[in-house]
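Given next are the chains, with one letter for each unit.
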Amino acid sequence: MEPAIFLKGIIIGFSMAVPVGPIGIMCIRKTLNDGRLRGLMIGLGAATADLLYACVAAFGLTVVSNAIVTERTWIRLVGGLFLLFLGVRTFLAHPVDPKVPVNSSGLLRSYLSTGFLTLTNPTTIFAFIAVFAALGLGNELNIVSASTLVIGVFIGSGLWFLFLGSGVIFFRMKLDITGLRWVNRIAGVLIIISGVIAIVSVL
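These figures come from a predicted structure and were not determined experimentally.

**Observations concerning the nonpolar core**
Of all hydrophobic cores here, the largest spans 20 residues; its most connected members are Ile23, Met26, Leu86, Leu117, Phe161, Leu164 and Ile191. Mapped onto this core, the elements with two or more residues apiece are α2 (22-34), α3 (36-59), α5 (72-92), α8 (143-172) and α9 (177-200). What leucine 117 contacts, discounting residues up to four positions off in sequence, is Ile23, Met26, Gly79, Phe82, Leu83 and Leu86.

Take a look at the structure:
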């Protein structure tokens, strides 16, 4: 691997994941309710989606990027509706007692649903293209360099969610059922607002 490009990839992936949007809110809420592993699976889902979009940007897959641009309205609409569904479901969810051992079932579902949701934000690919260009990582990348870069992006994005979940877990044992119920309600409202914004943006 090329150390400099790998390091740039980690920095890019970490930086792109830091803004706390719907995925970050979901990660915080799931970590508080279901434990660190559930939050980590959400982070891995988001990191995988970032990896796929970074691949499109780094390898110059114009056919894929053009298709995303063409269908971006429908993609954002589907993403917005999915956020509304998740928001309502989160708002109505019954919290789990933090002292009860966490059920590890549904981890794959959390991973896949988060990856899908992240992919419904087509502006991510343009962000990666812009950042790659700004850092001098344009079309001159060869296969090895591009692969090194996108692996770094995946690791950087995953590291952010690992840090986020690790920070949140300290508060988990300090919250009772009432506190966790309020976490669900606040997270649900914020996710619903994100969904409404996504839908309004395509009208």
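And the narrative resumes.
**Quick word on the side chain of threonine 118**
Here threonine 118 shows up in helix α6 (residues 107-119). At 2.8 Å, the side chain of threonine 118 and the backbone oxygen of threonine 114 are in polar contact. Excluding residues that lie within four positions of it along the chain, threonine 118 makes contacts with Ile23, Ala46, Ala49, Asp50 and Tyr53.

**Topic: a nonpolar patch on the surface**
A cluster of nonpolar residues, Val88, Phe91, Leu92, Trp182, Ile186, Val189, Leu190, Ile193 and Ile197, forms a patch on the protein surface that exposes about 840 Å² of accessible area. Sorting the residues of the nonpolar patch by element identifies α5 and α9 as the ones contributing at least two each. For the nonpolar patch, the element with the highest residue contribution is α9, accounting for six residues. Its location among the elements puts isoleucine 193 in helix α9.

**With respect to the layout of surface pockets**
Take a probe with the size of a water molecule and roll it over the atoms, and the empty space left behind shows itself. What the largest pocket holds in volume is close to 550 Å³. Lining the largest pocket are 24 residues; nearest its centre among them are Pro22, Ile23, Thr118, Asn121 and Thr124. Listed by contribution, the elements that provide at least two residues to the lining of the largest pocket are α1 (3-17), α2, α3, α5, α6, α7 (123-134), α8 and α9. Broken down by element, the residue count for the lining of the largest pocket peaks at four residues, all from α5. Counted by class, the lining of the largest pocket contains eleven nonpolar, eleven polar and two charged residues.

**With respect to the packing of aromatic side chains**
Applying the stated criterion across every chain yields a total of four aromatic pairs. Considering the side-chain rings of phenylalanine 14 and tryptophan 160, the 5.7 Å spacing of their centres and the 85° angle between planes classify their relative orientation as edge-to-face. With phenylalanine 14 in helix α1 and tryptophan 160 in helix α8, this pair connects stretches of sequence that are 146 residues apart. Classification of phenylalanine 14 by relative accessible area gives partly exposed; the value is 27%. For the pair phenylalanine 14 and phenylalanine 163, a centre-to-centre distance of 6.1 Å together with 65° between the ring planes defines the contact as edge-to-face.

**Here's the deal with the packing of α5 against α9**
At their nearest, the axes of α5 and α9 sit 7 Å apart, and the two run at 165° to each other. Taken together, the axis directions place α5 and α9 in an arrangement best described as roughly antiparallel. For the crossing formed where α5 meets α9, the hand is left-handed. Every residue of α9 that contacts α5 at Arg76, Leu77, Gly80, Leu81, Leu83, Leu84, Leu86, Gly87, Val88, Thr90 and Phe91 is listed here: Asn184, Arg185, Ala187, Gly188, Val189, Ile191, Ile192, Ser194, Gly195, Val196, Ala198 and Ile199. In the contact of α5 with α9, the residues fall into 14 nonpolar, seven polar and two charged.

What counts, and at which threshold
- Residues numbered from 1 in each chain as written.
- Predicted model: local features only at pLDDT ≥ 70, side-chain atom pairs only at ≥ 80, totals over all residues.
- Heavy atoms only, no water.
- Core = buried A, V, L, I, M, F, W, Y, C linked by side-chain atoms within 4.5 Å.
- Buried < 20%, exposed > 50% of the residue type's maximum accessible area, 1.4 Å probe, protein only.
- Helix = DSSP H or I, 4+ residues; strand = E, 2+ residues; numbered from the N terminus.
- Contact = heavy atoms within 4.5 Å.
- Polar contact = N/O pair within 3.5 Å; in protein donor to acceptor, adjacent residues only side chain to side chain.
- Patch = residues over 30% accessible without salt bridge, like charges linked within 9 Å, V, L, I, M, F, W, Y side chains within 5 Å.
- Areas by Shrake-Rupley, 256 points an atom, 1.4 Å probe, with all protein chains shown as cover.
- Salt bridge = Lys/Arg side-chain N within 4 Å of Asp/Glu carboxyl O.
- 1 Å grid on protein atoms, 1.4 Å probe; cavity = no way out; pocket = protein on both sides within 12 Å on 5 of 7 lines; lining within 4 Å.
- Points joined across faces, edges and corners; volume = space filled by probe spheres on them.
- Nonpolar A, V, L, I, M, F, W, Y, C, P; charged D, E, K, R; others polar.
- Phe/Tyr/Trp six-rings, centres within 6.5 Å; stacked < 30°, edge-to-face > 60°.
- Axes fitted to C-alpha atoms, helices over the stretch in contact; angles between N-to-C directions.
- Parallel < 35°, antiparallel > 145°, perpendicular 65-115°, else oblique.
- Left-handed = near helix turned anticlockwise from the far one by under 90°.

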